[in-house]
Amino acid sequence: MTRRTLFDKVWEGHLVRPETADTPAILYVDLHLVHEVTSPQAFSMLRERGLGVRRPGRTVATMDHSTPTTPRGADGRIPVVDPQAAAQIGALEKNCAEFGIRLFALGSDGQGIVHVIGPELGLTQPGMTIVCGDSHTSTHGAFGALAFGIGTTEVGHVLATQCLLQGRPKTLAITVEGRLPRGVTAKDLILAIIAKIGVGGGTGHVIEYRGPAVGALSMEERMTVCNMSIEAGARAGMMAPDEATFEYLAGRPHAPRGAAWDEALRAWRGLATDEGAAFDREVSLDASSLEPMITYGTNPGMAIPVRGSVPEGDPGATLGKALDYMGLRPGQRLLGHPIDVVFIGSCTNSRISDLRLAAGLLKGRKVAQGVRVLVVPGSQQVKRQAEGEGLDRVFRDAGAEWREAGCSMCIAMNGDQLQPGQYAVSTSNRNFEGRQGPGGRTFLASPLTAAATAVAGRIADVREMLR
Amino acid sequence: MKTIQSRTVVLDIDNIDTDVIIPARFLKVTDRSGLGRWLFANWRYDAGGAPRPGFALDLPEARGAQVLVAGDNFGCGSSREHAPWALLDFGFRAVVSTSIASIFQSNALKNGLLPVVVDRATHRRLLAQPGAPVTIDLEACTLTLADGTSARFPIDPFARYCLLEGVDELSFLIDQEEAIAAYEGRTAPEARAT
């Protein structure tokens, strides 16, 4: 029998029709996640063509990108002051009502960043195909799902047919040996991987992360790693489901129950890559040698250990432009660089374990004077859980802002943004020019590094505070 | 769409991401029209919204150009289809690079913006000659320079067929109803549905 990878098994299990010389494969989609920014034009297309949604039960919507994270009003509602955002939010409400799609609306109990709520509701399950009009859909690969971002035209295709036309991607195995040292997190691991293979290093491939260091990660850490697969250009990132996956899923609202759970477990246990199965490419690295990472440029591949220096020598056009934008010089060290803002949040690092890490460091400490710190939980559920554990008080006592759930300053569509020229350490996923606001300058790092930097007011090596 | 004949506009920067192509603050729309105004907004306009003099897209010789030549790994980052919408609305019909990010490439093809991936030598020549006239032939899958030298580019055969014949991919998918229903029956996905 052919030895197959995790990807091969999920791909082949969802072929409505295989690829031919003339036509791409037709791939069935198990779960379609929808949000307010990339869906309105797709619903308009359905209306123009008189089409319905084929499987509303396989479609789940929420609001996260353009939604405010400012505190609730006296009426308990989150005020939407931006008329454009209000129009998008209104359009999604109307579209979901008209087409019979379940919506976790702004401020409701299940609302949050689409890639945070899918897993926490148990909607995300091993072996599924999952798509969303958002590139960070790769997050769900942490469960052994094949999950990837699509454009708005494809959102329309999935709404109408539950299928996508897809060319078969190649496979890339990234094996991580060893174990992450103290103070070095899943975020540092994925930044190190992207720095190693480059922002285009995964193009055309689905990555499978494997090896002992990956198996030792918690589910939330696995999501952080898979989340940033797209930052290496990969179509998706996947990890074999294991006992940690099943333990995370058991009892979640949409996870199978009773006999269905036992049956699902049997299927899920067979998903891991067969011994000896071949990948198109393989890369390996040793987690034990990693350090906290930080970016210095304007893409996530421009990352170095926090005690390192910006590359020396003639930077060339691309890096030169990036360093000009960042106000940095070749050879410059980042440790001690002053910071204006710290952002803790985003689909990369806004889950309860991320907030616990940051709060653990901020407890009994104060945010440095002049530094603004925003802590934005990934979902209403994460927010409630954090408040139940008293983390909100830790953040507030330290001098940080505690906000409602959403994408917030990761994409800066909702009013949470940097001022031109400001420097931020962010736990988000993109340091692109203007990503956190026009002229804003972003250093990507882990929640630990972000918290340590908030206290120091300068880029800090968290390991010195953990001693 | 069969051929594009145009002068080029050159942006010799690698890894131009979709946030640069169209910043997120311009995505708060519910339609797709008029986005060309915000194409490369952070590079084209200063903080006050005034055009930055000398930006490649706004030079007089760039007027009417339909071919954008950019550095490696064009279109990386987010899945926003607003990026090809903005390029098309501005007037571009093809983007040329040594590599083009997957989601951008798929979005571009679905809107009739041609992603043209050429070899490094051809790319270097194009980068060195902003404004050079080129001919892109989708039928032959070639990009030809003024001196007659030409480079072949790869393209998904089905996407090429759809563009040449004006076939709509969604109509093709809808025509697969029988196969889709058979798949659903075979895997009983509704039994697994939550």
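Residues numbered from 1 in each chain as written. Chains lettered and ligands numbered in written order. Predicted model: local features only at pLDDT ≥ 70, side-chain atom pairs only at ≥ 80, totals over all residues. Heavy atoms only, no water.

## Considering the overall build of chain A
The cut-off we apply is this: The helix and strand labels rest on DSSP assignments: H or I over at least four residues marks a helix, E over at least two residues marks a strand, and numbering proceeds from the N terminus. As defined in this context, the radius of gyration uses C-alpha atoms, and a globule is described by 2.2 Å times the residue total to the power 0.38. Each residue is placed in one exposure class: buried if its accessible area under a 1.4 Å probe, protein chains only, is under 20% of its type's maximum, exposed if it is over 50%, and partly exposed if it falls in between. Whether two residues touch is decided by their heavy atoms; if any such pair falls within 4.5 Å, the residues are in contact. Only the protein chains shown count as covering a residue, and every accessible area follows the Shrake-Rupley method with a 1.4 Å probe. For this count, His and the chain ends are skipped, Lys and Arg are scored as positive, and Asp and Glu as negative. In this description, the location of a charge corresponds to atom NZ of lysine, CZ of arginine, CG of aspartate or CD of glutamate.
Check the secondary structure of chain A and you find 16 helices and 19 strands. For 467 residues, the compact-globule estimate of 2.2 N^0.38 gives 23 Å, and the C-alpha radius of gyration of chain A, at 21 Å, lies within 12% of that figure. Taking the principal axes of its C-alpha atoms as reference, chain A extends roughly 55 × 55 × 45 Å. For chain A, with 467 residues in total, the buried portion stands at 66%. Taking all contacts inside chain A whose residues are at least 6 apart in sequence as the whole, residues at least 24 apart take part in 75%. In the form shown here, chain A has an accessible surface area of approximately 15300 Å², with 48% of it arising from carbon and sulfur atoms. Across chain A, the centroid of the 48 positively charged side chains sits 2 Å from that of the 48 negatively charged ones.

## Section: the packing of aromatic side chains
Basically, it comes down to this: Between 30 and 60 degrees the pair is tilted, below 30 it is stacked and above 60 it is edge-to-face, where a pair is any two Phe, Tyr or Trp rings, Trp via its six-membered ring, whose centres lie within 6.5 Å. The rule for a charge over a ring is simple: NZ of Lys or CZ of Arg within 6 Å of the ring centre, and within 35 degrees of the ring normal.
Scanning the entire structure with this criterion turns up 16 aromatic pairs over all chains. Ring plane angle 10 degrees and centroid distance 6.0 Å describe the contact between Phe 40 of chain B and Trp 43 of chain B, whose orientation is recorded as stacked. Each of the two residues, Phe 40 of chain B as well as Trp 43 of chain B, counts as buried. When the centroid spacing of 4.7 Å and the interplanar angle of 55 degrees are considered together, the rings of Phe 158 of chain B and Phe 172 of chain B count as tilted. Of the two residues, Phe 158 of chain B is situated in helix α6 (residues 157-165) and Phe 172 of chain B in helix α7 (residues 169-174); the sequence distance between them amounts to 14 residues. For the pair shown, Phe 158 of chain B and Phe 172 of chain B are each scored as buried. Each residue in the set Phe 246, Trp 261 and Trp 268 of chain A is aromatic and connected to the rest through ring pairs, giving one cluster. Taking NZ or CZ as reference, Arg 252 of chain A lies 3.8 Å from the ring centre of Tyr 248 of chain A, over its face. Positioned above the aromatic ring of Trp 43 of chain B is the side chain of Lys 321 of chain A, whose terminal nitrogen or guanidinium carbon lies 4.3 Å from the ring centre.

## Some details on empty space enclosed by the protein
Inclusion rule: Cavity: a set of points on a 1 Å grid over the protein atoms alone where a 1.4 Å probe fits but cannot get out. Pocket: an open set with protein on both sides within 12 Å along at least five of seven lines, its lining residues, like those of a cavity, having an atom within 4 Å of a point. Grid points are joined across faces, edges and corners, and a volume is the space filled by probe spheres set on the points. Classification convention: Asp, Glu, Lys, Arg as charged; Ala, Val, Leu, Ile, Met, Phe, Trp, Tyr, Cys, Pro as nonpolar; all other residues, Gly among them, as polar.
Counted under the stated rule, the structure contains five cavities of 30 Å³ or more. The volume enclosed by the largest cavity comes to roughly 210 Å³. The wall of the second largest cavity is formed by 14 residues, among which Thr 298 and Glu 433 of chain A together with Ile 13, Asp 14 and Asn 15 of chain B lie closest to the centre. The element best represented in the lining of the second largest cavity is helix α11 (residues 316-326) of chain A, accounting for three residues. Each residue belonging to the lining of the second largest cavity can be placed in one class, and the counts come to six nonpolar, four polar and four charged.

## Section: the packing of helix α12 (residues 352-362) of chain A against helix α14 (residues 391-398) of chain A
Residue and element names in this part refer to chain A. For clarity, the cut-off: The axes used here are C-alpha line fits, helices contributing only the stretch in contact, and every angle between their N-to-C directions lies in the interval 0 to 180 degrees. Angular relationships are summarised with four words: roughly parallel below 35 degrees, roughly antiparallel beyond 145, roughly perpendicular across 65 to 115, and oblique for the angles in between. Crossings are assigned a handedness: left-handed for a near helix turned anticlockwise from the far helix by less than a right angle, right-handed for a clockwise turn.
For the pair α12 and α14, interaxial distance at closest approach is 9 Å and the crossing angle is 45 degrees. In terms of orientation, α12 lies oblique with respect to α14. When the axes of α12 and α14 are compared, the crossing they make is left-handed. Contacts between α12 and α14 involve Ile 352, Leu 355, Arg 356, Ala 358, Ala 359 and Leu 362 from the former and Leu 391, Val 394, Phe 395 and Ala 398 from the latter. When grouped by side-chain class, the residues that make up the contact of α12 with α14 number nine nonpolar, no polar and one charged.

## With respect to the interface of chain A and chain B
Put simply, the rule is: Here the buried area means the combined drop in accessible surface, using a 1.4 Å probe, for two parts upon being joined, counting both sides. Any Lys or Arg side-chain nitrogen found within 4 Å of a carboxyl oxygen on Asp or Glu counts as a salt bridge. Identification of polar contacts relies on pairs of N or O atoms within 3.5 Å, with a donor-acceptor requirement for protein atoms, meaning one able to donate a hydrogen and the other able to accept it, and with residues adjacent in sequence counted only if both atoms are side-chain atoms.
If you look at the interface, chain A gives 67 residues, while chain B gives 54 residues. Of the roughly 5000 Å² buried where chain A meets chain B, counting both sides, 57% is carbon and sulfur surface. Counting the contacts that link chain A with chain B gives seven salt bridges. As a salt-bridge pair, Asp 82 of chain A and Lys 28 of chain B come within 2.6 Å of each other at their nearest N and O atoms. There are 26 residue pairs in polar contact (both at pLDDT 80 or more) connecting chain A and chain B. Top element by residues in the side of chain A that touches chain B is helix α5 (residues 152-161) of chain A. It accounts for six residues. Classifying every residue of the side of chain A that touches chain B by side-chain character gives 25 nonpolar, 27 polar and 15 charged.

## Regarding helix α8 (residues 219-227) of chain A
Burial runs high along α8 of chain A: eight of the nine residues are buried. Every buried residue of α8 of chain A is accounted for by Met 219, Glu 220, Arg 222, Met 223, Thr 224, Val 225, Cys 226 and Asn 227 of chain A.

## Details of the packing of α12 of chain A against helix α15 (residues 447-456) of chain A
All names here are of chain A. Two elements in contact, α12 and α15, have axes whose closest approach is 8 Å; the angle formed by their N-to-C orientations is 30 degrees. For the element pair α12 / α15, the angle class is roughly parallel. In this structure, α12 meets α15 at a crossing whose hand is right-handed. Of the residues in α15, those touching α12 at Asp 354, Leu 357, Ala 358, Leu 361 and Leu 362 are Pro 447, Leu 448, Ala 451, Ala 452 and Val 455. Counted by class, the contact of α12 with α15 contains nine nonpolar, no polar and one charged residues.

## Section: the sheet that holds strand β10 (residues 205-210) of chain A
All names here are of chain A. Operational definition: A pair of strands is labelled paired if DSSP reports no fewer than 2 bridges between them.
In space, the four strands of this open sheet follow the order β11-β10-β9-β12, with parallel pairing throughout. Each having just a single partner strand, β11 (236-238) and β12 (281-286) make up the two edges of the open sheet. Across this sheet, the average inter-strand angle for adjacent strands is 20 degrees, counted without regard to direction. As judged from the six bridges shared by strand β9 (residues 170-177) and β12, these two strands associate in the parallel manner. Opposite Leu 172, over in β12, you have Arg 281 as the bridge partner.

## Some details on the pairing of strand β1 (residues 3-11) of chain B
All names here are of chain B. Here β1 runs beside strand β5 (residues 133-137); their pairing, made up of five bridges, is antiparallel. Opposite Ser 6, over in β5, you have Val 134 as the bridge partner. In the sheet, β1 pairs with strand β2 (residues 67-70) via four bridges, with the strands oriented parallel. Within β2, the position partnered with Leu 11 by the bridge is Ala 70.

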